[in-house]
Amino acid sequence: MKNIKIFPIILIILVSILMGCTEKTPSGTLVPTVAPTPDKTVLPTAVATTTPTPTPVTTPFFEPINYRVSVESGYGFYKVRAIKGNSSYDLPFAFDVRNFSINVGDSVRWINEDNFNFRLTIVSNESLWTGETGRLRWPGDRFEYTFNESGTYRFSIKEFKRLEPQKIIVNPRE
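What counts, and at which threshold
Residues numbered from 1 in each chain as written. Predicted model: local features only at pLDDT ≥ 70, side-chain atom pairs only at ≥ 80, totals over all residues. Heavy atoms only, no water. Helix = DSSP H or I, 4+ residues; strand = E, 2+ residues; numbered from the N terminus. Buried < 20%, exposed > 50% of the residue type's maximum accessible area, 1.4 Å probe, protein only. Contact = heavy atoms within 4.5 Å. Pairing = 2+ DSSP bridges. Axes fitted to C-alpha atoms, helices over the stretch in contact; angles between N-to-C directions. Core = buried A, V, L, I, M, F, W, Y, C linked by side-chain atoms within 4.5 Å.

Trainee: How would you summarise the overall build of the protein if you had to cite specific residues and measurements?
Mentor: The helix and strand inventory of the protein stands at one helix and 10 strands. Put simply, the protein runs from its N terminus to its C terminus through helices and strands in the order α-β-β-β-β-β-β-β-β-β-β. Taken across its 174 residues, the protein has 24% of its residues classed as buried. Residue pairs at least 24 apart in sequence account for 62% of intrachain contacts in the protein once pairs closer than 6 positions are excluded.

Trainee: Residue-level account of the sheet that holds strand β3 (residues 87-89), with values.
Mentor: Pairing between the strands of a sheet is mediated by backbone hydrogen bonds and can be parallel or antiparallel. With mixed pairing, five strands are arranged side by side in an open sheet as β3-β2-β1-β5-β8. The open sheet has two edge strands with one neighbour each: β3 and β8 (142-146). Each neighbouring strand pair of the sheet contributes to a mean axis angle of 25°, computed without reference to strand direction. As paired strands, strand β2 (residues 76-84) and β3 are joined by three bridges and run antiparallel to one another. Paired with A82 across the two strands is Y89, which belongs to β3.

Trainee: Break down the nonpolar core for me, with residues and values.
Mentor: By size, the foremost hydrophobic cluster in this structure holds 25 residues, and its most contacted members are F77, W110, I122, F147, F155 and I168. Only β1 (66-72), β2, β4 (99-103), β5 (107-112), β6 (120-124), β9 (151-157) and β10 (166-171) provide two or more residues apiece to this core. Dropping the residues within four chain positions of it, I122 is found in contact with V71, F77, W110, W129, G134, L136, F155, S156 and I157.

Trainee: Describe unusual backbone geometry, and please don't skip the residues or the numbers.
Mentor: Backbone geometry at N117 places phi at a positive 60°, although glycine is not the residue there. Structurally, N117 can be placed in the loop between β5 and β6. Residue N117 is classed as partly exposed on the basis of its relative accessible area, which comes to 48%. One non-glycine residue, S127, lies in the positive phi region at around 55°. Examined against the element boundaries, S127 turns out to sit in the loop between β6 and β7 (135-136). S127 sits in the exposed class, given a relative accessible area of 53%.

Structure, rendered in structure tokens:
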């Protein structure tokens, strides 16, 4: 008895789906049209000259890239992600996490990814910041710095001096 009631419903659904799948072909024949040829026009002898209005020179807008560096007590600086706007970009396979180049205006965010709750303090050898500014006390803590001048900068982890330091080369924007 139930099959008898379900059968018309399934039939109606299938018919409505199949009705939308029919393809209509256009009727009639295509007639090629000929483009008109331009007429010869006579130029006037006196031509008025106008001075062009200058267009303002605009410099292209560079959206800075935010590099996110994962830091931990066992590996030091071990992973980098590049984020521009709302998009994350894949870095090349041979990308060197400890030595990489960025552009002026880009920023680097160091994130404490340590599993042992060790405090990690990012130290700038060129004294870009002082004191405990770069301290990442707990896992998930982060510290960000925007590079506004070109140059070569070196960073280390204060609590784990045996770990390899990080070198970031900041290139000027062209």
